[in-house]
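Examining the three-dimensional arrangement
Residues per chain are reported as follows:
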Amino acid sequence: MRNCRSPEFTTSDPDGGWSDGGYYVHNNMWNAGEAGPETLRACAYDNWYVDSTQPDSSSVKTYPNVHKDINNLNGKPFNDYSVIKSTFAGRGPGTGVYDVAYDLWLNGVGNGRGVTEVMVWTENHKQVPAGEKLTTYTAGGFTYDVWADDEGYVAFVSRSTQYSGAVDLKAMIAWAIGKGLVPPNPTINQIGYGIEFCSTGGGKARFTLSDFSVTMS
């Protein structure tokens, strides 16, 4: 387990962020109207932590994360890639309500028309995805419950906690395309990994990230 003892970057800004090594570390307090304070400290894109204090309610408040933007967020077609893989290591505080998860944006980024959001939850603490549970997906010795809604959201929720590991994102997206959950040959616009904080029970809680990489070819 790496430790970030001498941060290169610190922010408490709701939209504060830092570019490093081709990645972007983002405090991303996107629901700032409901969110409590949050401070991110980074030693590198793959070595950072965040201290967050979130009220005891069920909405997602923040998603501090590290992400890779593809083609300046314009994306590139899924079929152009033979490999889309990632490594990760992250650990939530074990208190409150949160999920540690990948967030993949396809056919755009954000809530635009035709945009698809695919999440891969590697740790879940009392959080429930949007939509409904449809089926399961198994890979790498892990089984995921697959949730989806009718607004372009898909979540692969690991039944067992994964504090570190590797995921074959191309295989997951291809499977979701085959199930009709993702449109054929979408553009891959952004790949991120971090924690969705809903609540920390009112006290300060820490998320620590100690590995992240994306390989695309």
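Residues numbered from 1 in each chain as written. Predicted model: local features only at pLDDT ≥ 70, side-chain atom pairs only at ≥ 80, totals over all residues. Heavy atoms only, no water.

By the naming in an unreviewed UniProt entry, the protein is Glycosyl hydrolase family 12, taken from Amycolatopsis tolypomycina. The Sequence similarities (unreviewed entry) comment attached to the protein in UniProt states, word for word, "Belongs to the glycosyl hydrolase 12 (cellulase H) family." (UniProt positions renumbered as here; feature names shortened; annotations may be inferred.)

1. What to know about the side chain of Asp 51
The topology assignment puts Asp 51 in strand β5 (residues 47-53). In this view, Asp 51 contacts Pro 37, Glu 38, Thr 39, Arg 41, Lys 204, Ala 205 and Arg 206; residues no more than four positions away in its chain are not counted. (Helix = DSSP H or I, 4+ residues; strand = E, 2+ residues; numbered from the N terminus. Contact = heavy atoms within 4.5 Å.)

2. Describing the sheet that holds strand β8 (residues 84-91)
Taken in spatial order, the six strands of this open sheet run β1-β4-β5-β16-β8-β14, and their pairing is antiparallel. A strand with exactly one partner marks an edge of an open sheet, and here the two such strands are β1 (9-11) and β14 (164-168). Ignoring strand direction, the axes of neighbouring strands in this sheet form an average angle of 20°. Across eight bridges, the pairing between β8 and strand β16 (residues 204-216) is antiparallel. For Arg 91, the partnering residue across the bridge sits in β16 and is Thr 208. (Pairing = 2+ DSSP bridges. Axes fitted to C-alpha atoms, helices over the stretch in contact; angles between N-to-C directions.)

3. Focus: the layout of surface pockets
Approximately 700 Å³ is the volume attributed to the largest pocket. Residue lining of the largest pocket: 28 residues in total, with Trp 30, Asp 103, Trp 105, Asn 111 and Glu 117 positioned closest to the centre. Of the residues in the lining of the largest pocket, the class split is 12 nonpolar, 11 polar and five charged. (1 Å grid on protein atoms, 1.4 Å probe; cavity = no way out; pocket = protein on both sides within 12 Å on 5 of 7 lines; lining within 4 Å. Points joined across faces, edges and corners; volume = space filled by probe spheres on them. Nonpolar A, V, L, I, M, F, W, Y, C, P; charged D, E, K, R; others polar.)

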